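Per-entry structural report
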Amino acid sequence: MRLKFYSSLFIGLLIVLQAVQPCKAQAVDTLRVMQYNLLHYGKQIYDCNDSNNSRDDKNTSLRIILKYAQPDIFAVNEMDGEDADAQYLLDHALNVNGKRKYRRAAFEGDYLVNTLFYNSEKLALKSQDRIVNGSDQHDINVYHLYYKKNLKQGKDTTFLTCFVVDLKAGEERSSERLRARETQRLMDYREENDLTGNVLVMGDFNVYDSEEEAFQNFVEPMDEELKLYDPINTPGSWHDTEEFAQYHTQSTHMGGDCAAWGGLDDRFDFILMSKSLGKGSSKLKYQPGSYEVLGQDGEHFDKELIDGGNETYDSELTQALYKVSDHLPVFMKIQVLEKVSSGKSQLLSREQNVRFNNPVHEKLNLKIDWGQQASLQVEVLSIIGKVVFRKKVEVQSGVQALSIPFSSFEKGMYLLKISDDSNHFLVKKVLKY
């Protein structure tokens, strides 16, 4: 009885959280945001050479990752080459297989350069800027984007400002002080330019815990309107702490010449958001529950990413993530909001189009007919909300089949959730025996 109660309660919470919001605003589009440290892309430096750090090898793996994530905003660190390298990534990893929708910001810098790519079908780059720091610190890049579809509909422009950072690395106190200076300069820039609306700050922060001054400058500034928020709200001492294994982004390797190594035990990579994005007060709103460390299943603490299996992500994706970098990318979704007179629940009733065996022992054999071409995310969650399986499925026409392994799951009740990019979703109970 208790198991049945908790399962029903959790399904109820899903319905409330995702269906009540549209009574005030309806999500008409979704912006998918990804941040990734690409580990000296285009640069042969230190122990990185053309054999273990080839642009072509990285692009082969990046195509797999980008097909899965389909970002509308793709911010990167460690573009260590030249402008031609950024163009090479655009031409050979993003605009491939007939796609021509991605554009790039102007390339500024020559070492540990940040840059940004974006989906030009949804977004345009209004302007960009650079906060130039000293030789012992890294520059910070600023990109002012706007949502193009509003203009076509004659509505007010919706802006989003993205700060991309790669803060000073190192555990020494001197490195901590430099990180603090970098983040304070960013916050000063926001104050001077009155950037209190839709703001993302993303990148490789190189911080070890939430009490470090650099991080506190973001989340506890003097001006409350400038405060930034962690979408998953997980403060603490992240370094080498198994409690935060689900959120560690570095290092995917245990050894090697080019990559930093030591196993996954640091949360270096972040996307932080402004209050406006958290509340949806300026036409854009963070989609709750969408923050994700791609490739991280929480079972690789102090291990390399490809050590053993991965129940949450398939082997092709985990292998690609391992090959590209010693970091994992972080990902989140932002809903584009429009006022409507009355809202409708986005919880779908598509039972007639989704078939699967239930109860399940070894495998859940799923057949999906979504009724239209769509990019779906299929997830299995425990009754306390932990994602134990996640896979991207491209539905073209007809019935799409998917087999989900259940043999390693404990007996009990699970939730099967299927969602699309229009924020439509379906939740069903599954019993593992």
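In what follows, the structure referred to is the one given above.
Since the structure is predicted, the reported quantities are computational estimates derived from the model, not experimental observations.

Description of the overall build of the chain
Regarding its fold elements, the chain presents 8 helices and 20 strands. When the 433 residues of the chain are sorted by exposure, 56% land in the buried category. Long-range contacts, defined here as pairs at least 24 residues apart, represent 69% of the contacts in the chain between residues at least 6 apart. Total accessible area on the chain is roughly 19200 Å²; 47% of this is exposed by carbon and sulfur atoms.

Description of the pairing of strand 4 (residues 113-119)
The buried fraction of strand 4 is high, at 7 of 7 residues. The side-chain alternation of strand 4 yields two buried faces, one formed by V113, T115, F117 and N119 and the other by N114, L116 and Y118. Looking at chain direction, strand 2 (residues 73-79) and strand 4 are connected through 5 bridges and run antiparallel. By the bridge assignment, A75 is partnered in strand 4 with L116. Pairing between strand 3 (residues 102-104) and strand 4: 3 bridges, direction antiparallel. Bridge assignment links Y102 to a residue of strand 4, and that residue is N119.

Notes on the sheet that holds strand 9 (residues 228-229)
Judged by pairing direction, the sheet is mixed, and its 6 strands sit side by side in the order 5-6-7-8-10-9 without closing on themselves. Each of the sheet's edge strands pairs with one partner strand only, and the pair in question is strand 5 (123-131) and strand 9. Where strand 6 (residues 140-147) and strand 7 (residues 159-166) come together, 6 bridges link them in antiparallel fashion. Opposite L145, over in strand 7, you have L160 as the bridge partner.

Digging into the side chain of T115
As for its placement among the helices and strands, T115 is situated in strand 4. On the basis of relative accessibility, which here comes to 1%, the residue T115 falls in the buried class. With sequence-adjacent residues up to four places away left out, T115 is seen in contact with F74, A75, V76, M79, A105, A106 and Y143.

Points about the packing of helix 2 (residues 55-69) against helix 8 (residues 315-324)
For the pair helix 2 and helix 8, interaxial distance at closest approach is 8 Å and the crossing angle is 135°. Compared by their axis directions, helix 2 and helix 8 come out oblique. For the pair helix 2 and helix 8, the crossing hand works out as left-handed. Listed contacts from helix 8 to K58, S61, L62, I64, I65 and Y68 of helix 2 are E316, L317, A320, L321, K323 and V324. Classifying every residue of the contact of helix 2 with helix 8 gives 8 nonpolar, 1 polar and 3 charged.

Here we look at the pattern of salt bridges
Side chains bearing opposite charge may pair, as long as their charged atoms lie close to each other. Scanning all chains against the criterion turns up 13 salt bridges. A salt bridge links D72 to K122; the nearest nitrogen and oxygen atoms lie 3.3 Å apart. One end of the pair, D72, is in the loop between helix 2 and strand 2; the other, K122, is in the loop between strand 4 and strand 5, and 50 residues separate them in sequence. What makes D72 buried here is its relative accessible area of 3%. R267 is the partner of D230 in a salt bridge, and the nearest nitrogen-oxygen pair spans 3.0 Å. Here D230, found in the loop between strand 9 and strand 10 (269-274), pairs with R267, found in the loop between strand 9 and strand 10; they are 37 residues apart in sequence, far enough to count as distant. Residues participating in the shared-partner salt-bridge network are D29, D72 and K122.

Description of the state of the cysteines
Across all of its chains, the model carries 1 disulfide by this definition. For C48, the disulfide goes to C258, at an S-S distance of 2.0 Å. The sign of the S-S torsion, about 90°, decides the handedness of the disulfide formed by C48 and C258: right-handed. Separated by 210 residues along the polypeptide, C48 in the loop between strand 1 (25-41) and helix 2 and C258 in the loop between strand 9 and strand 10 bring together distant segments of the chain. Each member of the pair, C48 together with C258, is buried.

Considerations on the packing of helix 2 against helix 3 (residues 83-94)
Taken N-terminus to C-terminus, the directions of helix 2 and helix 3 make an angle of 50°; their axes are 9 Å apart at the nearest point. As far as their axial angle goes, helix 3 and helix 2 are oblique. When you trace helix 2 past helix 3, the crossing you get is right-handed. On the side of helix 2, the interface is formed by R55, D56, N59, L62, R63 and L66, while helix 3 contributes A84, D85, Y88, L89, H92, A93 and L94.

Thoughts on helix 5 (residues 173-192)
In this model helix 5 runs 29 Å from its N-terminal to its C-terminal C-alpha over 20 residues, within 8% of the 28 Å that 1.5 Å per residue would give. Of the residues making up helix 5, those classed as buried are S175, L178, R179, A180, E182, T183, L186, M187, Y189 and R190. Of the residues flanking the end of helix 5, it is D194, one or two places downstream, whose phi is positive at about 55°.

Focus on the packing of aromatic side chains
Following the criterion strictly, the structure yields 13 aromatic pairs and no others. Considering the side-chain rings of Y146 and F159, the 6.2 Å spacing of their centres and the 70° angle between planes classify their relative orientation as edge-to-face. Note that Y146 is positioned in strand 6 and F159 in strand 7, a separation of 13 residues in sequence. Since its relative accessible area comes to 22%, Y146 is described here as partly exposed.

Observations concerning a negative patch on the surface
Taken together, the side chains of E191, E192, D223 and E224 define an acidic patch exposed on the protein surface. A residue is classified by how much of its surface remains accessible, and D223, at 32% relative accessible area, is partly exposed.

Conventions we followed
Residues numbered from 1 in each chain as written. Predicted model: local features only at pLDDT ≥ 70, side-chain atom pairs only at ≥ 80, totals over all residues. Heavy atoms only, no water. Helix = DSSP H or I, 4+ residues; strand = E, 2+ residues; numbered from the N terminus. Buried < 20%, exposed > 50% of the residue type's maximum accessible area, 1.4 Å probe, protein only. Contact = heavy atoms within 4.5 Å. Areas by Shrake-Rupley, 256 points an atom, 1.4 Å probe, with all protein chains shown as cover. Pairing = 2+ DSSP bridges. Axes fitted to C-alpha atoms, helices over the stretch in contact; angles between N-to-C directions. Parallel < 35°, antiparallel > 145°, perpendicular 65-115°, else oblique. Left-handed = near helix turned anticlockwise from the far one by under 90°. Nonpolar A, V, L, I, M, F, W, Y, C, P; charged D, E, K, R; others polar. Salt bridge = Lys/Arg side-chain N within 4 Å of Asp/Glu carboxyl O. Disulfide = S-S within 2.5 Å. Expected span 1.5 Å × (residues − 1). Phe/Tyr/Trp six-rings, centres within 6.5 Å; stacked < 30°, edge-to-face > 60°. Patch = residues over 30% accessible without salt bridge, like charges linked within 9 Å, V, L, I, M, F, W, Y side chains within 5 Å. Lys, Arg positive; Asp, Glu negative; His and termini not counted. Charge placed at Lys NZ, Arg CZ, Asp CG, Glu CD.

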